[in-house]
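Structural characterization, general
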Amino acid sequence: MSLLAATFFVAPPTFAADLAPAFAPQPSERDPDHWTFSFAPYLWAAGVTGDTGVFGLPEVHTDQTFGDILADIDFGFMGAGDAHYGKYSLFTDISYARITTSSATVRGVLADEVKLKTETFTAMVGAGYTVLESQDGKLDVVGAVKLWSTETTISLSGGPLGGASARDDATWVDGLAGLRGTYSITPTIYLTGWGMIGAGGADLDWDAMAGIGYKWKDSVSAIVGYRALGVDYSNGSLTSDIIQHGPIIGAAFHF
């Protein structure tokens with residue numbers, strides 16, 4: 001793999017760990033005088049498609065499956081939280097991923113090997129208000145602020161340039177707004193989803209998910225679905241105009 005190709009193999013500042021709003025809570029009777037909380041660890045098996053660039057180099061088209069990305073993951077965490085009081089809700093989502101890959105350089109003249117490490121962190125905090133509600137479900141209007149932080153480091157080993165390294169990073173904040181809701185099909189099976197769009201540091205930032213949940217008991221439910229996210233960001237050195245999409249699975253614990 002050439003140095004340029006290796007750079008763009010792990011360059012995107014977004015990653016499958018990135019998630020927007022917390023899982024919509026399972027349908028339940030609301031007590032207007034008490035807070036209710038939920039926590040949802042999850043896995044989003046997303047691939048990445050789009051155009052990316054780092055270190056001011058020309059953009060390169062990226063088309064990676066989740067399997068391609070999984071092979072180079074060092075560590076990742078995804079978790080969402082949710083709190084409700086009457087018609088009001090608060091939610092947060094935090095994710096982190098570190099990817100490392102290495103490859104021999106072309107002909108090994110200036111260096112024998114190039115190593116790339118990409119770290120991505122996202123954190124979202126938002127609030128919602130229920131605008132439609134029935135015995136079977138509800139719909140919330142939501143707004144949120146999302147922090148993105150990404151860092152790509154390239155290091156060379158062996159040859160005349162052995163020990164040399166360079167770093168390209170970016171941090172920005174976007175504001176998003178949209179809807180999320182749930183609808184019960186049976187007492188134990190329900191539909192859930194969200195749709196949000198916004199901008200800020202990025203020219204465009206959007207996220208959508210549709211899924212189905214199963215209520216094991218009042219305190220635990222499982223959710224499977226499909227999610228797509230898009231972001232268009234550039235700061236002159238780092239560029240990301242990509243879409244991530246793939247199945248998502250998680251468990252929600254309510255208390």
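Residues numbered from 1 in each chain as written. Predicted model: local features only at pLDDT ≥ 70, side-chain atom pairs only at ≥ 80, totals over all residues. Heavy atoms only, no water.

1. Digging into the overall build of the chain
Short version of the rule: Helix numbering and strand numbering both begin at the N terminus, where a helix is a DSSP run of H or I of at least 4 residues and a strand a DSSP run of E of at least 2. For every residue, the accessible area obtained with a 1.4 Å probe (protein chains only) is divided by the maximum for its type, and the residue is called buried under 20%, exposed over 50%, and partly exposed between those limits. Residue contacts are defined here by distance: any two heavy atoms, one from each residue, within 4.5 Å place the two residues in contact. In these tables, accessible area is a Shrake-Rupley quantity obtained with a 1.4 Å probe, and a residue counts as shielded only by the protein chains included in the view.
Looking only at helices and strands, the chain features 2 helices and 12 strands. Per-residue burial over the chain gives 47% buried out of 255 residues. For the chain, contacts bridging at least 24 residues in sequence account for 66% of all contacts bridging at least 6. Looking at the chain as shown, the accessible area adds up to about 11,600 Å², and 63% of this sits on carbon and sulfur atoms.

2. Brief notes about the packing of aromatic side chains
The line we're drawing: Here a Phe, Tyr or Trp ring, Trp counted by its six-membered ring, pairs with any other such ring whose centre lies within 6.5 Å, and the pair is stacked when the planes are under 30 degrees apart, edge-to-face when over 60, and tilted otherwise. The criterion is that NZ of a Lys, or CZ of an Arg, lies within 6 Å of the ring centre and within 35 degrees of the ring normal, and then a charge sits over that ring.
With the rule as written, the count across this model stands at 7 aromatic pairs. Between W35 and F37 the ring centres are 6.2 Å apart and the planes differ by 20°, which places this aromatic pair in the stacked class. Ring plane angle 40° and centroid distance 5.2 Å describe the contact between W35 and Y85, whose orientation is recorded as tilted. Residue W35 is located in the loop between α1 (3–9) and β1 (36–44), and its partner Y85 is located in strand β4 (residues 73–85); the two are separated by 50 residues in the primary sequence. Taking the relative accessible area as the measure of exposure, Y85 reaches 31% and is therefore partly exposed. Through pairs of rings, three or more aromatic residues link up here, namely W35, F37, Y85 and F255. Directly above the ring of W44 sits R227, whose terminal nitrogen or CZ lies 3.8 Å from the centroid.

3. Things to note about the environment of G86
Mapped onto the elements, G86 comes out in the loop between β4 and β5 (88–104). Along the sequence, G86 and T130 sit 44 residues apart, while their C-alpha atoms lie 8.6 Å from each other.

4. Observations concerning the confidence of the model for the chain
Keep in mind that low pLDDT regions are not for reading the predicted coordinates in detail. Quick note on the threshold: Scored between 0 and 100, pLDDT is the confidence that the predictor attaches to each residue.
The share of residues in the chain with pLDDT of 70 or more is 78%, and the mean pLDDT across the chain is 79. Looking over the chain, one finds the lowest element-wise mean pLDDT in α1, namely 31, and the highest in strand β9 (residues 189–200), namely 94. Ignoring residues within four places in sequence, the model shows residues 1–22, a span with pLDDT below 50, making 105 contacts including any to other chains.

5. Observations concerning the pattern of salt bridges
This is how the line gets drawn: For salt bridges, the criterion is a side-chain nitrogen of Lys or Arg within 4 Å of an Asp or Glu carboxyl oxygen.
Tallied over the full model, the rule gives 4 salt bridges. Between D207 and R227 there is a salt bridge; the shortest N-O distance is 2.3 Å. With D207 in strand β10 (residues 204–217) and R227 in strand β11 (residues 220–234), the pair connects residues that are 20 residues apart, well separated along the chain. Its relative accessible area of 1% is what places D207 among the buried residues. As a salt-bridge pair, K215 and D218 come within 3.3 Å of each other at their nearest N and O atoms. With a relative accessible area of 18%, K215 lands in the buried category.

6. Looking at the nonpolar core
Inclusion rule: In these notes, a set of buried Ala, Val, Leu, Ile, Met, Phe, Trp, Tyr and Cys residues joined through side-chain atoms within 4.5 Å is what counts as a nonpolar core.
One finds W172, V231 and Y233 to be the most contacted residues of the largest nonpolar core, which totals 21 residues. Broken down by secondary-structure element, the contributors of at least two residues to this core are β1, β4, β8 (165–184), β11 and β12 (239–254).

7. Regarding the environment of L90
In this structure, L90 sits in strand β5. Given a relative accessible area of 44%, L90 falls into the partly exposed group. In this structure, the C-alpha to C-alpha distance between L90 and Y129, residues 39 residues apart in sequence, is 9.1 Å. Ignoring any residue separated from it by four or fewer positions in sequence, one finds L90 in contact with W35, G81, D82, A83, G126 and A127.

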